Amino acid sequence: MFRRASSTTTFSLFITAFAFSVLAMSSNASAGDRIVNGNQVAAVSNQVMERLDKADMKRGERLFKGRCRGCHTFEEGDKDKTGPNLWNVVGRKLGEKDGFKYSNDMKTMNAANTHWGYEELDKFLTKPMKFVPSTKMTFGGLRKGRDRADVIAFLRSQSTEPQPLPSSWYGS
């Protein structure tokens, strides 16, 4: 005889399916995923890696201050605004900032152990609502790959221990 699945089982299956769809969306091949400082992050496409290698951190800071500072802070110890403080965001688990109320999809991605790797940040900054459908972030995104790489380079620098650049994973 078959038993009806409990709501807990159904929810667990939903989280597992969502986690797999997030990994598929973040990377075409999970075999290329990397462990960076103990966290699994999606493999970085050659396109994103090339942009990051050429990124201008100072330009990224200007873009951040012009487009993001209204809702986010970035210095260590700064308070959250409408969005969470982004100090040490590169490599951090999605939805992990203590004390911040995240959307349901962000919480689900947190439960799926998804981290803010370079590919994830690039996809999120392209169209936040496509990457995290229920995000509270109303920002439409950064269309230009160069702009995204520059902002990511700036965010990477906002840490006591910045994450290694993807090119270093491959010995470049």
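Provided above is the structure to which this section pertains.
Thresholds applied
- Within every chain, residues take consecutive numbers counted from 1 along the sequence as written.
- Since the coordinates come from a predicted model, pLDDT governs what is reported: local features require at least 70, and pairs of side-chain atoms require 80 or more to be given and counted, while whole-chain, interface and lining totals use all residues.
- Heavy atoms from the whole structure form the basis of all side-chain values; hydrogens and water molecules are not counted.
- Counting from the N terminus, the helices are the DSSP runs of H or I reaching at least four residues and the strands are the DSSP runs of E reaching at least two.
- Burial classes follow relative accessibility: with a 1.4 Å probe on protein chains only, a residue under 20% of its type's maximum area counts as buried, one over 50% as exposed, and anything between as partly exposed.
- In what follows, residue pairs with any heavy atoms lying within 4.5 Å of each other are defined as contacts.
- Accessibility throughout is a Shrake-Rupley quantity obtained with a 1.4 Å probe, and a residue counts as covered only by protein chains that appear here.
- What makes a nonpolar core is a set of buried Ala, Val, Leu, Ile, Met, Phe, Trp, Tyr and Cys residues whose side-chain atoms join them at distances within 4.5 Å.
- Criterion for a salt bridge: a side-chain nitrogen of Lys or Arg within 4 Å of a carboxyl oxygen of Asp or Glu.
- The pairing test for Phe, Tyr and Trp rings, Trp by its six-membered ring, is centres within 6.5 Å, and the orientation test on the planes gives stacked under 30 degrees, edge-to-face over 60, and tilted for anything in between.
- Fitted lines through C-alpha atoms serve as axes, helices being fitted only where they are in contact, and the angles separating the N-to-C directions of these axes extend from 0 to 180 degrees.
- For classification purposes, an angle smaller than 35 degrees is called roughly parallel, one larger than 145 roughly antiparallel, one from 65 to 115 roughly perpendicular, and anything else oblique.
- For this classification, Asp, Glu, Lys and Arg are treated as charged, while Ala, Val, Leu, Ile, Met, Phe, Trp, Tyr, Cys and Pro are nonpolar and the rest, including Gly, are polar.

A. Structural detail: the overall build of the protein chain. Helix and strand counts for the protein chain stand at 8 helices and 2 strands. Here the protein chain, with 172 residues, has 46% of them falling under the buried criterion. Sequence-distant contacts in the protein chain: of pairs separated by 6 or more residues, those separated by 24 or more amount to 56%. A total accessible area of about 10100 Å² is found for the protein chain, and carbon and sulfur atoms account for 51% of it.

B. Quick look at the nonpolar core. Of all hydrophobic cores here, the largest spans 31 residues; its most connected members are Phe-64, Trp-116, Phe-131 and Leu-155. When contributions to this core are tallied by element, the ones reaching two or more residues are helix H2 (46-53), helix H3 (57-67), helix H4 (104-111), helix H5 (118-126) and helix H7 (145-157). Ranked by the residues each element gives to this core, the list is headed by H7, at 5 residues. Leave out the neighbours within four places in its chain, and Trp-116 touches Val-89, Val-90, Gly-91, Arg-92, Lys-93, Leu-94, Met-106, Leu-121, Phe-124 and Phe-131.

C. Just the pattern of salt bridges, in detail. Scanning the entire structure with this criterion turns up 8 salt bridges. In this structure, the salt-bridge partner of Arg-59 is Asp-147, at a minimum N-O distance of 2.7 Å. Note that Arg-59 is positioned in helix H3 and Asp-147 in helix H7, a separation of 88 residues in sequence. When its relative accessible area of 10% is taken as the criterion, Asp-147 is described as buried. The salt bridge involving Glu-61 is made with Lys-65; its shortest N-O contact spans 3.0 Å. In this pair, Glu-61 and Lys-65 are both assigned in helix H3, 4 residues apart and thus about one turn of the helix distant. Classification of Lys-65 as partly exposed rests on a relative accessible area of 34%.

D. Summary view of the side chain of Asp-122. With respect to the helices and strands, the residue Asp-122 is situated in helix H5. Note on Asp-122: relative accessible area 7%, which makes it buried. Once you skip the residues sitting within four places of it in the chain, Asp-122 turns out to touch Val-48, Arg-51, Arg-148 and Ile-152.

E. Inspection of the packing of aromatic side chains at higher detail. On inspection of all chains with the given rule, the structure shows 7 aromatic pairs. Geometrically, the ring pair formed by Phe-74 and Phe-154 is edge-to-face, given 5.0 Å between the ring centres and 70° between the ring planes. In this pair, Phe-74 is assigned in the loop between H3 and H4 and Phe-154 in helix H7, connecting sequence segments 80 residues apart. Here the two residues Phe-74 and Phe-154 agree in accessibility, since each one is buried. Look at Phe-100 and Tyr-102: their rings are 4.9 Å apart centre to centre, the planes differ by 65°, and that puts the pair in the edge-to-face class. Take Phe-100 and Tyr-102: they sit in the same class, and that class is buried. Here the aromatic residues Phe-64, Phe-74 and Phe-154 are joined through ring pairs into a cluster of three or more.

F. A look at the packing of H3 against H7. Running from amino to carboxyl end, H3 crosses H7 at an angle of 95°, the nearest separation of the two axes being 7 Å. Judged by the inter-axis angle, H3 sits roughly perpendicular to H7. Note on element contacts: H7 touches H3 through Arg-146, Asp-147, Asp-150, Val-151, Ala-153, Phe-154, Leu-155 and Ser-157, opposite Met-57, Arg-59, Gly-60, Glu-61, Leu-63 and Phe-64. Residue classes in the contact of H3 with H7 are distributed as 7 nonpolar, 2 polar and 5 charged.

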